[in-house]
Amino acid sequence: MADSHDPKNIRNICILAHVDHGKTTLADHLIASSGGGVLHPKQAGRLRFMDYLDEEQRRAITMKSSSIALQYKNHSINLIDSPGHMDFCSEVSTASRLSDGGLVLVDAVEGVHIQTHAVLRQAWIEKLMPCLVLNKIDRLIVELKLSPLEAYNRLLRIVHEVNGIVSAYKSEKYLSDVDSILARPVGETGNEYQELLDDDDEEDTFQPQKGNVVFVCALDGWGFGICEFAEFYASKLGASVAVLQKAFWGPRYFVPKTKRIVGKKGLPAGSKARPMFVQFVLEPLWQVYEAALDTNGDKTILEKLIKSFNLSVPPRELQNKDPKAVLQSVVSRWLPLSDAILSMVIKHMPDPGTAQAFRLSRLLPKREILDDDVGKSDVIAEAELVRKSVEACDSRPEAPCVAFVSKMFAVPMKMLPQRDVNGGIVNNIEVGNGDSDECFLAFARIFSGVIHSGQKVFVLSALYDPLKTGDSVQKHIQEAELHSLYLMMGQGLTPVASARAGNIVAVRGLGQHILKSATLSSTKNCWPFSSMTFQVSPTLKVAIEPSDPVDMGALMKGLRLLNRADPFVEVSVSARGEHVLAAAGEVHLERCIKDLKERFAKVNLEISPPLVSFRETIEGESLNSFDKFKSLFGNSNVIEKTTPNGRCTVRVHILKLPDALTKLLDESSDLLEDIIAGKAIRAQDDEHPVESLRKRIWDAVKSEISETNAEKDKEKLKLLWENLLKRIWALGPRQIDPNMLLLPDSTTDDNGSSVLIKGSPYVSERLGFVSSSEELETETTSAETRSLKEEADSLRSSVLSGFQVATGSGPLCDEPMWGLAFVIEASISPYDSESEAVNQSDQYGVFSGQVMTAVKEACKAAVLQKNPRIVEGMYFCELNTPTEYLGPMYAVLARRRARILKEEMQEGSPLFTVHAYVPVAESFGFPDELRRWTSGASSALLVLSHWEALPEDPFFVPKTEEEKEEFGDGSSVLQNTARKLIDGVRRRKGLAVEEKVVQFATKQRTLARKV
């Protein structure tokens, strides 16, 4: 493999699309034509060659990304098929990192869906070169029975919509997928798009006239780009191929009398001319379909087609009784699918050298060299040499070898090739793998140099820094020997001796060294590749235990193997000692549990109900901005706690942060972690991330200020917020979550003999809201006061710890707090005598622990005083339902407390598209129930959207006459939803729950009558 291909003749591509848009079917046809005979063309589209797992064949969806090598016109094409289901979007991330281009498939009937947004975003993040494939064109003819002009308007609309999504990312509107869907205008028609496209937009990413859009029917094996038809008609119309290619898309018309191509304005009045794409491309295709499928169709059209294009169709296939089979055999030879797709790939997708130069800023970002590292010039020079080799895709044997492993995948031992490259029998026993019959292979792309089996390489984690030395760095670098290299052919593996830069291979021998992903390098002086970006996080958590406690060891071993085999699953141990498995969704969870039972642990398991995360906050929606700030001043809203020894008094004020600011802090947690830890952060696109974050925080605050009507009030609010943002001491919990600890106002000072525990605006300094604070030493009147101030300084960490513990477990059900700001004033007073100091230490314990507990209790009491509310996660749900099943679908949504956002009918189809928010706590079993109630006609896709406070008061008690009349009185009042959710979490955590043990205090009645 090392000498077979020049990197310029290699293409690495992945297929990206929404679920059921035809990715695996398309891959089947490409494999059948260019895969070296591994799949017969008759089975293409039905076998689903890349879905080789039993679960994939049973569910008819792809669950993992898998690669295959194709040969086409002296080019080697590494094709990666990726899943379209939202639960497996992590596999899309691993596939896109190893690819240089992406085939984005869109169903011509269903159009753009939520996962289409997700894959386009992933392609943009990873800097892939996308090409658009509009699939299932035959459904427009056979199912929807559209006319060629109607079909053209639909295709025009889809191309424009996809271009709109990409242009939004290009203009750096980093909208979430949910926001971008909700931002789409309702009820857009083809005519509106026609006007938008009257003038060609050179900025559009996808333009059929450029050749990066093809129209296909993957199931029947045909497809075409505009260039194919331009070549057909060039001689007939007496025009050049280039002119026709541009004229065959958009408002271009052919006038037969003058044999000229004109725009819309050049048409004579009252002309019924159709666009050239309709007249010369779609209408002939429609005629072929009608001739083949209609009982009264003109069969001579097929004969003319075969004759004019010299198609070699066997007579046996033309005499088939099934008209669909006859049609397929003719059209697949007239417009071969693989030629249309692969010629577009070779022409419009970059080779590894070109692609790596373009993608380098994403793969290996340029690092800032600090002053401390100036002396290590040889290390910096070699790291820069490696970076340049990656940029040039240097495939010479002497070039530094660099590869990236995007995931580890498990293969049964019996599936490994039994013979090596030279035909010798190999020993497939995995070293250090014990009695496991699973072998772990690394899914890797070589970016520079040549790797070969038996080579020793360094395995670098994402945290490795070649400029640092010592034990802290050693844990991020390991040395490993590559056991074998394999070329992936779907499920099959072909052993190879070596592989050059630009190729994708499976590497054996790294199972003990890599958990999820890593960088491989032949030198220590190499920066690791940047981490991959995942679209969602694992939100569905369950606790797992073996049915028989004896099998606990097997379960723990199985969980370790599963954690390595799945790039997205998270395995952890909860505070209660449970083994918690976190997955992306129900389908992903089911597959993980099946793998655990049948492959990795091989024991029976007990699975808990899903563990749902909540957050806790206070009521703040009904208050205006000034009312919120009143809670920070005065004594009426303060909570005061004193330590058991009476020396420290803690006063806490609480404020609810604006929702926009809370959401921003939550989304920026990774960046905040780096900022607060003091890491060097690289500027991106001429704007420093810290400055960008500070600006976005101000924008979030301004949106809150703008809701106030009076200009005078706006100025006051602006000054208040400026003051507040300069006093941020810490965030919590975990130092990065969206709760703030604010310093007391500068007017608050030491009172009498007591001394205030003063912090520093650390987070405000890091974010640039305030310059580095310089603490001025005040003159102290006595040694006693000085020692008290020193003691107050030593207790800062206790106040911080109390705040972190309080925000980590709120008062309602020990869940983290959400969007709250605390002002904590803790003051300490001196001991009355030395003997009292000794006695109190023995009696009440360590003073720092007392302060921490007092701060924690005061924060929790402040939340309870301010009308606490529970915050629950919300899924964005996209549903597609036929008109006759709208009733049952709405009934299912109502039972799940869903909130309908938008409902619209898909133009030209009997389907309704409904957008709704569904609470995470109510979502389990939702897709199954929906399918059951709609007889399988409805489909739903869930993606985590945001956190939302439940407006109900969990401690609601009817007080007014109207409330008593509506809700009942005393014991007859039913629990509201918020209280039920809180009690459910408290029961699971073993906390006290207020409930009656005996519901009805009457004697138990039996059926038997005892006289």
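Relevant structure appears above.
Residues numbered from 1 in each chain as written. Predicted model: local features only at pLDDT ≥ 70, side-chain atom pairs only at ≥ 80, totals over all residues. Heavy atoms only, no water.

## Thoughts on the overall build of the chain
- When its secondary structure is counted, the chain shows 34 helices and 34 strands.
- Taking all 1011 residues of the chain together, the buried fraction comes to 52%.
- Residue pairs in contact within the chain that sit at least 24 positions apart in sequence constitute 76% of those at least 6 positions apart.
- Total accessible area on the chain is roughly 46,700 Å²; 51% of this is exposed by carbon and sulfur atoms. (Helix = DSSP H or I, 4+ residues; strand = E, 2+ residues; numbered from the N terminus. Buried < 20%, exposed > 50% of the residue type's maximum accessible area, 1.4 Å probe, protein only. Contact = heavy atoms within 4.5 Å. Areas by Shrake-Rupley, 256 points an atom, 1.4 Å probe, with all protein chains shown as cover.)

## A few points about unusual backbone geometry
- Omega for the bond connecting G732 with P733 falls within 30 degrees of zero, at -5°, which places this linkage in the cis form.
- Tracing the backbone shows P733 in the loop between β27 (728–732) and β28 (739–742).
- Its identity is not glycine, yet N74 carries a phi of approximately 65°, on the positive side.
- Position of N74 among the secondary structure elements: in the loop between β2 (66–72) and β3 (75–81).
- Even without glycine at this site, K136 takes up a positive phi of about 60°.
- In this fold, K136 is placed in the loop between β5 (129–135) and α5 (137–142).

## Things to note about helix α30 (residues 847–865)
- Look at α30: 27 Å from first C-alpha to last across 19 residues, which is about the 27 Å you get at 1.5 Å a residue.
- F847, Q850, V851, A854, V855, A858, C859, K860, A862 and V863 are the residues of α30 that are buried.
- After α30 finishes, the residue N867 shows a positive phi value of roughly 55°. (Expected span 1.5 Å × (residues − 1).)

## A short note on the sheet that holds strand β20 (residues 540–546)
- Strand order in this open sheet of four strands is β21-β22-β20-β23, and the pairing throughout is antiparallel. Strands with a single pairing partner mark the edges of an open sheet, and in this sheet they are β21 (570–573) and β23 (605–607). With direction set aside, neighbouring strand axes in the sheet form an average angle of 30°.
- Relative to strand β22 (residues 579–583), β21 is paired through four bridges, and the arrangement is antiparallel. (Pairing = 2+ DSSP bridges. Axes fitted to C-alpha atoms, helices over the stretch in contact; angles between N-to-C directions.)

## Describing the pattern of salt bridges
- Taken as a whole and assessed by the stated rule, the structure comprises 44 salt bridges.
- Among the ionic pairs, R59 bridges to E55, the shortest N-O distance being 3.0 Å. Taken together, the residues span about one helical turn, with R59 and E55 both in helix α2 (residues 54–59) at a distance of four residues.
- By relative accessible area, which is 26% here, R59 ends up partly exposed.
- Across the pair R931 and D928 runs a salt bridge whose closest N-O atoms are separated by 2.6 Å. One end of the pair, R931, and the other, D928, are both in helix α32 (residues 926–933), three residues apart, so they sit about a helical turn from each other.
- Taking the relative accessible area as the measure of exposure, R931 reaches 40% and is therefore partly exposed.
- Three or more residues are tied together by salt bridges with common partners; here these are E55, R58, R59, E590, K594 and E598. (Salt bridge = Lys/Arg side-chain N within 4 Å of Asp/Glu carboxyl O.)

## Remarks on the packing of aromatic side chains
- Considering all chains together, one arrives at 24 aromatic pairs under this definition.
- Between W222 and F224, the ring centres sit 6.2 Å apart and the planes meet at 5°, which makes this aromatic pair stacked.
- Between the aromatic rings of F876 and Y917, the centroid separation amounts to 6.2 Å while the plane-to-plane angle is 70°, which identifies the pairing as edge-to-face. Pair noted here: F876 is in strand β31 (residues 868–882) and Y917 is in strand β33 (residues 911–919), with a separation of 41 residues, a long-range link. The residues F876 and Y917 share a single accessibility class, namely buried.
- The cationic tip of K127 hangs over the ring face of F358; the distance from NZ or CZ to the ring centre is 5.4 Å.
- Directly above the ring of W933 sits R895, whose terminal nitrogen or CZ lies 4.4 Å from the centroid. (Phe/Tyr/Trp six-rings, centres within 6.5 Å; stacked < 30°, edge-to-face > 60°. Lys NZ or Arg CZ within 6 Å of the ring centre and 35° of its normal.)

## Observations concerning the nonpolar core
- L103, I341, V507, L510 and L581 are the most contacted members of the largest nonpolar core, which has 77 residues in total.
- Take this core: its biggest share by element is six residues, from helix α15 (residues 337–348).
- Those residues in contact with V507, other than ones at most four positions away along the chain, are F440, L441, A442, A444, I451, L482, S484 and L485.
- With 62 residues, the next largest nonpolar core counts L132, I226, F229 and W249 among its residues. (Core = buried A, V, L, I, M, F, W, Y, C linked by side-chain atoms within 4.5 Å.)

## Examining the packing of helix α3 (residues 89–98) against helix α4 (residues 114–125)
- It is at 10 Å that the axes of α3 and α4 come closest, and there the two elements cross at 30°. Here α3 lies roughly parallel to α4, going by the angle between them. The handedness of the crossing between α3 and α4 is right-handed. Where α3 approaches α4, its residues C89, V92, S93 and S96 are matched on the opposing element by Q115, V119 and Q122. (Parallel < 35°, antiparallel > 145°, perpendicular 65-115°, else oblique. Left-handed = near helix turned anticlockwise from the far one by under 90°.)

## Things to note about the pairing of strand β4 (residues 101–107)
- Across the seven residues that make up β4, a large majority, seven, are buried.
- Burial of the side chains of β4 extends over both faces: G101, L103, L105 and D107 are buried on one face and G102, V104 and V106 on the other.
- In this sheet, β4 lies alongside strand β1 (residues 10–17) in parallel orientation, the contact comprising five bridges. The partner of I13 across the bridge, within β4, is G101.
- Inspection of the sheet shows β4 paired to β5 by seven bridges, in the parallel sense. Pairing of L105 across the sheet is with V133, part of β5.

## Things to note about the side chain of H21
- By secondary structure assignment, the location of H21 is in the loop between β1 and α1 (23–34).
- Residue H21 is classed as buried on the basis of its relative accessible area of 0%.
- Here H21 is in contact with L105, V106, D107, E110, G111, H113, N135 and K136, once residues within four sequence places are set aside.

## Some remarks on the environment of F404
- With respect to the element layout, F404 can be found in strand β10 (residues 402–412).
- On a C-alpha basis, the gap between F404 and R445 in space is 5.5 Å, while along the polypeptide they are 41 residues apart.
- If sequence neighbours within four positions are ignored, F404 has contacts with R97, L98, F443, A444, R445, F447, S517, A518, T519, F529, S530 and M532.

## Things to note about the packing of helix α28 (residues 796–808) against α30
- Between α28 and α30, the shortest axis-to-axis distance is 8 Å and the interhelical angle comes to 40°. As far as their axial angle goes, α30 and α28 are oblique. Crossing handedness for the pair α28 and α30: right-handed. Residues S798, V799, S801, G802, F803, V805 and A806 of α28 touch α30, and the partners they reach there are S848, V851, M852, V855, K856 and C859.
- Of the residues belonging to the contact of α28 with α30, the class tally is eight nonpolar, four polar and one charged. (Nonpolar A, V, L, I, M, F, W, Y, C, P; charged D, E, K, R; others polar.)

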